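Per-entry structural report
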Amino acid sequence: MKKLYLRTFGCQMNVADSELMAQVLAGEYVLTQQAEEADLYLINTCAIRRKAEEKVLSLLGSLKGLKKRRPQLILGVGGCVAQQEGERLLAVAPHLDLVFGTHGIYRLPQMVRAAAAGRRVVEVDLKPGLPPWPQRQWPPKPVKALVTIMKGCDNFCSFCVVPHVRGREESRPPSVITAEIADFLAAGGKEVTLLGQNVNSYGRGLPEPITFPDLLRRVSAMEGLARLRFATSHPRDLSADLISTFLDLPPLCEHLHLPVQSGSNRILKAMNRGYTREQYLEKVARLRQSCPGIHISTDLIVGFPSETEADFAHTLDLMAKAAFDQAFSFKYSPRPQTRAATLPDQLPEVVKAERLARLQARQDELTIKAHGRLVGQTQEVLVEGLSKRAPEQLCGRLRTNRVVNFPGPRHLVGRLAQVHLTEAHPHSLKGRWVEDPPTP
Ligand code: SAH
Ligand code: SF4
Ligand code: F3S
């Protein structure tokens, strides 16, 4: 068998897509961890910010040597940068053989064969209508699964490239989704994350009437499922029905990622987000009321065009009021084809960097406080593997998605364990395994 090396950048959707790439190529290629022995080297790319794109271009440049040493190597770029740049990538990288877009994964075997025959292949059509979407096959003894429930995005937030590189929103039929999950559970899997750019609009356009909370109810009822998560939920479409599912569905974990982006109404409007800070805070309050202990995380952008110090102060204020347990924050980065990139009053890099540093310092305080409240509690951890930094320790997650490291035997991997939480750090917690009581 020939060898495939796969490098993945970007979000969970890209991780799921990469798994699918390996799957559709499995008849001819086995995965390798060693780039040097690859016959096929694929880069699955992210275009969300310029830095993400630059990483891809610099990796691509650095592969010239490998291609020289292994002239038979087929080098391909897929994902969001491929979709955005198409043919232009062939011009910047003369050693590149293959460019494939976000809708072309199922055609990879044919494209790779054409590239092996000496052609330079570019396929970046964004066709409406779901292409044949192969059902996922799971590896032996899986623990967690990323299950894509919809593609694309129709929201056109003014800063965001995703609708341009992922195409129009489309939902997968529920029967296909549950069949994929049933296979995963039959193989012993424990946790499922349902993926879409905007899961709250799941079901639009399907022949059978179904909402996202309906889908959650169906999946939650499946035999053997320990944990259910989803990402990402748009605040505008977060319904009362969805809020109530957190209490009603036992596998659904007490964690919601609810990207707010800004705390200033003027900026939210310019971002085309479709909600105000008041509406957002009201939804957070309702969530905390109906599901005490829920962990709410968010995404924030600083330095959107024309953002003033007063707008930024509104963001800091909203963070404190929402008391986020975790926040992912970014400097605004102008993206091709987006409306915000054409706005006047783009802010200097130093202003963005300085605001980002202030915001992150504030969030670190909030996160440490939230973690501190957990110390002394005993909670359920799904053990995912050995800790990367300290291999004598196990690493897993709480239902609220916090990372926990603790010493324990390897046979716990893939199992639920009770862990007494002893120490809080900004990005993780430490704990002690509470051993199962001996069976009489
Ligand atoms: N579909 C998801 C977001 C996907 S992108 C959602 O709507 O929540 C992930 C995050 O990247 C966004 O929430 C936003 O905070 C950030 N992001 C997107 N475009 C950006 C840009 N041009 N500059 C900086 N950050 C950006
Ligand atoms: Fe981008 Fe907005 Fe769509 Fe999220 S909802 S992917 S931020 S356009
Ligand atoms: Fe990046 Fe594409 Fe995901 S732009 S964030 S990999 S949808």
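As the structure is a prediction and not an experimental result, all values here were calculated from the model.

Below, the discussion takes up the pairing of strand β17 (residues 403-407). By the criterion of burial, β17 is predominantly enclosed, with four of the five residues buried. Sheet topology note: the strand β16 (residues 393-398)/β17 ladder contains five bridges and is antiparallel. Across the sheet, residue G396 finds its bridge partner in β17, namely V404. Here β16 hands over to β17 after four residues, with N401 in that stretch at a positive phi of 85°.

A full pass over the atoms with the stated rule returns 35 salt bridges. A salt bridge links R358 to E309; the shortest N-O distance between them is 3.0 Å. One end of the pair, R358, is in helix α14 (residues 349-372); the other, E309, is in helix α13 (residues 309-322), with 49 residues separating them in the sequence. Residue classification places R358 among the partly exposed positions, given a relative accessible area of 33%. On the basis of relative accessible area, E309 is assigned to the partly exposed category, the value being 39%. The salt bridge involving K321 is made with D317; its shortest N-O contact spans 2.8 Å. Separated by four residues within a single helix, K321 and D317 lie in helix α13, roughly one turn from each other. Among the residues examined, K321 registers a relative accessible area of 54% and is labelled exposed.

Moving on to the environment of L4. Looking at where L4 falls in the secondary structure, it is placed in strand β1 (residues 2-8). Beyond its immediate sequence surroundings of up to four residues, L4 is in contact with A22, L25, Y29, V30, L31, T32, L40 and L42.

What follows is about the domain arrangement of the chain. What the domain assignment lists for the chain is domain 1 (2-123), domain 2 (140-253), domain 3 (258-373) and domain 4 (378-433). Distance between the C-alpha centres of domain 1 and domain 3: 34 Å. Residue-level contacts link six residues of domain 1 with five residues of domain 3. Overall, the association of domain 1 and domain 3 removes approximately 460 Å² of surface from exposure, summing both partners, and the carbon and sulfur fraction of that is 45%. Counting the surface domain 1 buries against domain 3, the share from its top three residues, R49, R50 and Q84, is 78%. The interface formed by domain 1 and domain 3 contains one salt bridge.

Across the sheet, six strands lie side by side as β2-β1-β3-β4-β5-β6; this open sheet has parallel pairing. The two strands at the open ends of the sheet, each matched to only one other strand, are β2 (29-31) and β6 (121-123). Between one strand and the next, the sheet's axes are offset by a mean angle of 20°, whatever the strand orientation. Note: strand β5 (residues 98-100) against β6, three bridges, orientation parallel. What sits directly across from F100, in β6, is E123. Against the sheet, helix α1 (residues 12-24) contacts β1, β2, β3 (40-45) and β5, and its axis sits at roughly 175° relative to β1. Together, β1, β3 and β4 (74-78) form the strand contacts of helix α2 (residues 50-62), whose direction differs from that of β3 by roughly 165°.

On to the site of ligand 2, then. Around ligand 2, a shell composed of C153, N155, F156, C157, F159, C160, V162, P163, Q197, H234 and R273 is seen. Along the lines of polarity and charge, the residues of the shell around ligand 2 split into seven nonpolar, three polar and one charged.

Attention shifts here to helix α6 (residues 108-116). If you check which residues of α6 are buried, you get L108, P109, M111, V112, A114 and A115. Looking one or two places after α6, you find G118, whose phi comes out positive at around 105°.

Turning to the site of ligand 1, a few remarks are in order. Around ligand 1 there are 15 residues in total, and Q197, P259, Q261, D299 and S333 lie nearest to it. Within the contact set of ligand 1, a nitrogen atom lies 3.0 Å away from a backbone nitrogen or oxygen of F159. In the environment of ligand 1, a nitrogen atom lies 2.8 Å from a nitrogen or oxygen atom belonging to the backbone of S333. Put simply, the parts of the chain that give the shell around ligand 1 at least two residues each are β13 (295-302) and β14 (326-331). Domain assignment of the residues forming the shell around ligand 1 places at least three in each of domain 2 (140-253) and domain 3 (258-373).

Membership of the largest hydrophobic core comes to 53 residues, with the highest contact counts inside it found for L194, F212 and F230. With five residues, α13 is the largest single contributor of residues to this core. Residues F9, L75, L90 and V99 belong to the second largest nonpolar core, which totals 21 residues.

Definitions and limits used
Residues numbered from 1 in each chain as written. Chains lettered and ligands numbered in written order. Predicted model: local features only at pLDDT ≥ 70, side-chain atom pairs only at ≥ 80, totals over all residues. Heavy atoms only, no water. Buried < 20%, exposed > 50% of the residue type's maximum accessible area, 1.4 Å probe, protein only. Helix = DSSP H or I, 4+ residues; strand = E, 2+ residues; numbered from the N terminus. Pairing = 2+ DSSP bridges. Salt bridge = Lys/Arg side-chain N within 4 Å of Asp/Glu carboxyl O. Contact = heavy atoms within 4.5 Å. Domains from an automatic or database assignment. Buried area = accessible area lost by both parts, 1.4 Å probe. Axes fitted to C-alpha atoms, helices over the stretch in contact; angles between N-to-C directions. Near = heavy atom within 4 Å. Nonpolar A, V, L, I, M, F, W, Y, C, P; charged D, E, K, R; others polar. Polar contact = N/O pair within 3.5 Å; in protein donor to acceptor, adjacent residues only side chain to side chain. Core = buried A, V, L, I, M, F, W, Y, C linked by side-chain atoms within 4.5 Å.

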